[in-house]
Structures are given as C-alpha cells and as structure tokens.
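Working through the structure, step by step
What follows is each chain in one-letter form.
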Amino acid sequence: QVQLVESGGGLVQPGGSLRLSCVASGNILTIYNFSWYRQATGNQREFVAVITSRDTLDYGDFVAGRFTVSMDKDKNTGYLQMNNLKPEDTAVYYCHAKILSDGGLEYAYWGEGTQVTVSS
C-alpha cells in the first residue's frame, strides 16, 4: 500500500509564492514520476507539471515559467514551487505518482489534494 500526502497549500496574495510538497510512503521500490494537477471549482482537473526519475520535466502551458517541479528521491518527496501566483491559480492541487512496489506491482496513486487560494 502506498500513500501520497500533500502539504503547503494556503491563502496567498497575488504575486506571492507557495511551495507544495507530496510525500510518498509505504511499499515503494521506485518512484517513476511525480505529477501535479489542479482542479478549480466547476472546472476539469488539469495538468500542471511532471518530473520523472530521470529528471525529465514538463509543464502546462499556463505555467509560463512561474512554477518549478522537483523531486527528492532519498525522501520520496515531490515539490512544486509556485511563484508569481495569480487569482486564476486558485484550485485544489493534487499530487500524482507512478510507483513500483514489491512484487512488481506498478500503479499510479493520487493524493487527497491541498487547497491553494490566491486572493487579496
């Protein structure tokens, strides 16, 4: 069993920064990637960023250089540094990870999400 727990969300003013964390725990042999998604009220869940175990990165078009995704392999933790936040970044942010466990089980897991609110 694997769990993903996000933290770091909160209320921030426009132009501010937040750093989200996602800790993976449980039966983990390898974390292939950490991804971040977000879902604003009334909208579909959308892709924000991904980092793979080989340090390949990708971002949603709206990020425009404001966010940085990273991973600490020793701590089984993924991060999303968000700078120059805008009100339209307000959403629940979800961590997603593809993980290999004992016995050859490969599965993708979701965290429960952390709320990010950008407002003055």
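Our subject is the structure listed above.
I will try to describe carefully the structure that is included in this document.

Details of the environment of alanine 24
- Along the chain, the position of alanine 24 falls in strand β3 (residues 18–26).
- Exposure remark for alanine 24: the relative accessible area of 5% places this residue in the buried category.
- Along the primary structure alanine 24 and leucine 4 are separated by 20 residues, whereas in three dimensions their C-alpha atoms are 4.6 Å apart.

Some points on the state of the cysteines
- With the rule as written, the count across this model stands at one disulfide.
- Here cysteine 22 connects covalently by a disulfide to cysteine 95, the sulfurs 2.0 Å from one another. Disulfide cysteine 22-cysteine 95: torsion about the S-S bond near -80°, hence left-handed. Of the two residues, cysteine 22 is situated in strand β3 and cysteine 95 in strand β9 (residues 91–100); the sequence distance between them amounts to 73 residues. The same class applies to cysteine 22 and to cysteine 95, which are both buried.

Considering the side chain of glutamate 6
- Mapped onto the fold, glutamate 6 is located in strand β1 (residues 2–7).
- Despite being buried, glutamate 6 has no salt bridge partner; arginine 45 is the closest side chain of opposite charge, sitting 7.7 Å away.
- A polar atom in the side chain of glutamate 6 sits 2.7 Å from the backbone nitrogen of cysteine 95.
- A polar atom in the side chain of glutamate 6 sits 3.1 Å from the backbone nitrogen of glutamate 112.
- Excluding residues that lie within four positions of it along the chain, glutamate 6 makes contacts with Ser21, Cys22, Trp36, Tyr93, Tyr94, Cys95, Gly111, Glu112, Gly113 and Thr114.

A word on the nonpolar core
- Core analysis: the largest hydrophobic core is formed by 29 residues, its most contacted members being Phe34, Leu80, Met82, Tyr93 and Ile99.
- Going through the elements one at a time, β1, β3, β4 (30–39), β5 (46–52), β7 (67–72), β8 (77–82), β9 and β11 (114–118) are the ones with two or more residues in this core.
- Setting aside chain neighbours within four positions, we find phenylalanine 34 in contact with Cys22, Ala24, Ala49, Val50, Ile51, Met71, Asn76, Thr77, Gly78, Cys95, His96 and Ala97.

Looking at the sheet that holds β7
- Spatial ordering of the open sheet is given by β1-β3-β8-β7, a layout of four strands whose pairing is antiparallel. Each having just a single partner strand, β1 and β7 make up the two edges of the open sheet. Across the sheet, the mean angle separating the axes of adjacent strands is 15° when strand polarity is ignored.
- Across six bridges, β3 lies against β8 in antiparallel orientation. Bridge pairing in β8 places serine 21 opposite tyrosine 79.

Here is what the cut-offs are and how they apply
- Residues numbered from 1 in each chain as written.
- Predicted model: local features only at pLDDT ≥ 70, side-chain atom pairs only at ≥ 80, totals over all residues.
- Heavy atoms only, no water.
- Helix = DSSP H or I, 4+ residues; strand = E, 2+ residues; numbered from the N terminus.
- Buried < 20%, exposed > 50% of the residue type's maximum accessible area, 1.4 Å probe, protein only.
- Disulfide = S-S within 2.5 Å.
- Lys, Arg positive; Asp, Glu negative; His and termini not counted.
- Salt bridge = Lys/Arg side-chain N within 4 Å of Asp/Glu carboxyl O.
- Polar contact = N/O pair within 3.5 Å; in protein donor to acceptor, adjacent residues only side chain to side chain.
- Contact = heavy atoms within 4.5 Å.
- Core = buried A, V, L, I, M, F, W, Y, C linked by side-chain atoms within 4.5 Å.
- Pairing = 2+ DSSP bridges.
- Axes fitted to C-alpha atoms, helices over the stretch in contact; angles between N-to-C directions.

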